[in-house]
Amino acid sequence: MSKHTDIKKITVNTIKKMKSNGERISCLTAYDFTSASILDKAGIDMILVGDSLGMVINGYENTLPVTVDEIIYHCKMVKRAATNAFLIADMPFGSYHVSDEQALENAIRVIKETGFDAVKIEGSGERAGLVKKLTGCGINVMGHIGLMPQFVSTMGGYRIQGREGHEKLLADAVALEEAGAFSIVLEGTVSSVAQVITDTLKIPTIGIGAGVHCDGQVLVFHDVFGIFDGFTPKFVKQYANVNKIISKAAKTYIKEVKTAEFPQDIHSF
Ligand code: KIV
């Protein structure tokens with residue numbers, strides 16, 4: 001049992017069973033103690049410390065500059081808060097590309113230093129060999145195919161995948177499953193293609209911009225709660241607009257400080 005609820009810690013077996021039981025899997029990103037604590041207490045199944053932190057936390061133009069040290073730094077905060085959710089750390093661009101040895105060293109470091117349950121790597125079927133080595137070392141691996149943000153330069157932008165049919169993506173997904181991946185993120189993928197992949201695989205698919213047929217869904221924390229006030233992609237449903245609430249409250253605070261309405265006697269000693 002975990003510290004703050006009577007819900008049992010979610011393991012890789014729980015996630016796999018959810019697919020066979022037809023139970024949808026909820027996943028959101030989080031990057032710090034407070035947001036992870038809110039999600040964990042709300043009952044989220046999985047938390048991903050995504051390299052999307054490069055954009056929503058660091059303000060980079062894309063995810064490419066994110067480092068292993070940054071991922072570890074944020075994972076440690078999330079780990080202190082999340083006692084139930086299954087925790088996945090994104091392997092950033094450049095951390096698993098040079099060689100399998102480099103990839104193993106970095107993934108082992110991430111798992112050792114953060115206590116996370118799994119790593120996620122972007123890449124098609126050609127990553128199957130690496131997935132096999134990682135799982136052979138006892139590391140749970142989530143694949144990530146379809147629109148892969150770490151390939152933004154070679155894709156020439158963020159392009160929806162699978163418009164030309166399902167064959168290539170299905171072959172990639174099957175190769176990753178056979179290599180031992182416990183789950184696969186399908187990002188920015190035509191819904192009918194995601195359906196074929198989901199129906200074929202025994203492991204769960206987690207969609208983001210991939211339609212309703214996936215076994216689960218993942219979104220970025222700052223998008224879902226309306227914290228990031230930049231561009232909101234079509235696939236995002238905003239469940240709150242925290243940006244507006246904070247902005248309005250900040251203006252009130254500024255006004256009250258200027259007019260000496262705050263602090264009052266009840267805030268003073
Ligand atoms: O970096 C990230 O947050 C991700 C998810 C959006 C799948 O990879």
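Just above sits the structure.
Attention in this report is confined to the structure presented alongside it. None of the values given here were measured: they were computed from a predicted structure.

Calculation criteria
- Residue numbering note: each chain is counted from 1, following its sequence as written.
- Selection of residues for local features in this predicted model requires a pLDDT of at least 70, selection of side-chain atom pairs for listing and counting requires 80 or more, and totals for whole chains, interfaces and linings are taken over all residues.
- Note: side-chain values were computed over all heavy atoms of the structure, leaving out hydrogens and water.
- Throughout, a disulfide means two cysteine sulfur atoms within 2.5 Å of one another.
- Accessibility here uses a 1.4 Å probe with only protein chains present; expressed as a share of the type maximum, an area under 20% marks a residue as buried, one over 50% as exposed, and anything in between as partly exposed.
- The helix and strand labels rest on DSSP assignments: H or I over at least four residues marks a helix, E over at least two residues marks a strand, and numbering proceeds from the N terminus.
- DSSP calls a pair of strands paired once it identifies at least 2 bridges connecting them.
- Convention used here: a crossover is right-handed provided that the path from the first strand, over the helix, to the second strand proceeds clockwise when the strands point away from the viewer.
- One heavy atom within 4 Å of a molecule or strand makes the whole residue count as near it.
- Throughout this description, a polar contact denotes any pair of N or O atoms lying within 3.5 Å of each other; where both atoms belong to protein, one of them has to be capable of donating a hydrogen while the other can accept it, and for residues adjacent in sequence the pair is counted only when both atoms sit in side chains.
- Residues are grouped as follows: Ala, Val, Leu, Ile, Met, Phe, Trp, Tyr, Cys and Pro are nonpolar; Asp, Glu, Lys and Arg are charged; all remaining types, including Gly, are polar.
- Helix axes are fitted to C-alpha atoms over the stretch in contact, other axes to C-alpha atoms as well, and angles between N-to-C directions run from 0 to 180 degrees.
- Expected span of a helix, by definition, is 1.5 Å for each gap between consecutive residues, and there is one gap fewer than residues.
- Throughout, a residue-residue contact means that at least one pair of heavy atoms, one from each residue, lies within 4.5 Å.
- Note on aromatic contacts: the rings of Phe and Tyr and the six-membered ring of Trp form a pair at centre separations within 6.5 Å, being stacked when their planes are under 30 degrees apart, edge-to-face when over 60 apart, and tilted otherwise.
- By convention in these notes, a salt bridge is any Lys or Arg side-chain nitrogen within 4 Å of a carboxyl oxygen on Asp or Glu.

## Observations regarding the state of the cysteines
The full count for this structure, using the stated rule, is zero disulfides. Free cysteine: Cys27, not disulfide-bonded; nearest cysteine sulfur from Cys214 at 12 Å. The exposure class of Cys27 is buried, given its relative accessible area of 4%.

## Looking at the pairing of strand β7 (residues 205–208)
Side chains of β7 alternate between two faces, with Thr205 and Gly207 and Ile206 and Ile208 buried alike. Across four bridges, strand β6 (residues 183–187) lies against β7 in parallel orientation. Across the sheet, Val185 pairs through a bridge with Ile206, a residue of β7. As for the winding sense of the linkage, the β-α-β connection from β6 through helix α9 (residues 191–200) to β7 is right-handed.

## What about the site of the ligand?
In the vicinity of the ligand, the contacting residues are Thr29, Leu48, Gly50, Asp51, Ser52, Asp90, Lys120, His144, Ile208 and Val218. In the environment of the ligand, an oxygen atom lies 2.5 Å from a nitrogen or oxygen atom belonging to the side chain of Ser52. Between an oxygen atom of the ligand and a side-chain N or O atom of Asp90, the distance comes to 3.2 Å. Taken together, the residues of the shell around the ligand break down into three nonpolar, four polar and three charged.

## Re the sheet that holds strand β5 (residues 140–146)
Across a sheet, paired strands are connected by hydrogen bonds in the backbone, their directions being either parallel or antiparallel. A barrel is described by the order of its strands in space; here eight strands give the closed sequence β1-β2-β3-β4-β5-β6-β7-β8, paired in parallel fashion. Strand-to-strand twist across the sheet, computed as the mean angle between neighbouring axes with direction ignored, equals 25°. Both β5 and β6 contribute to a ladder of five bridges, which runs parallel. Bridge pairing in β6 links His144 to Val185.

## Details of helix α8 (residues 167–179)
Counted at 1.5 Å a residue, the expected span for α8 with its 13 residues is 18 Å, and the 18 Å between its end C-alpha atoms agrees. Those residues of α8 that sit buried are Leu169, Leu170, Asp172, Ala173, Leu176, Glu177 and Ala179. The inward-facing, buried residues of α8 contact α6 (128–136), β5, β6 and α9. Downstream of α8 by one or two residues, Gly180 has phi in the positive range, about 115°.

## Examining the packing of aromatic side chains
Tallied over the entire structure, the rule returns three aromatic pairs. Ring plane angle 55° and centroid distance 6.1 Å describe the contact between Tyr253 and Phe262, whose orientation is recorded as tilted.

## Overview of the pattern of salt bridges
Taken as a whole and judged by the stated rule, the model has eight salt bridges. Between Asp69 and Arg109 there is a salt bridge whose closest N-O contact spans 2.7 Å. Of the two residues, Asp69 is situated in helix α4 (residues 68–81) and Arg109 in helix α5 (residues 100–114); the sequence distance between them amounts to 40 residues. Its relative accessible area of 49% is what places Asp69 among the partly exposed residues. Judged by its relative accessible area of 28%, Arg109 falls in the partly exposed class. Taking the shortest distance from any N to any O, the salt bridge between Lys255 and Glu261 comes out at 3.6 Å. Linked through salt bridges whose partners overlap, the residues forming this network are Asp69, Arg109 and Glu113.

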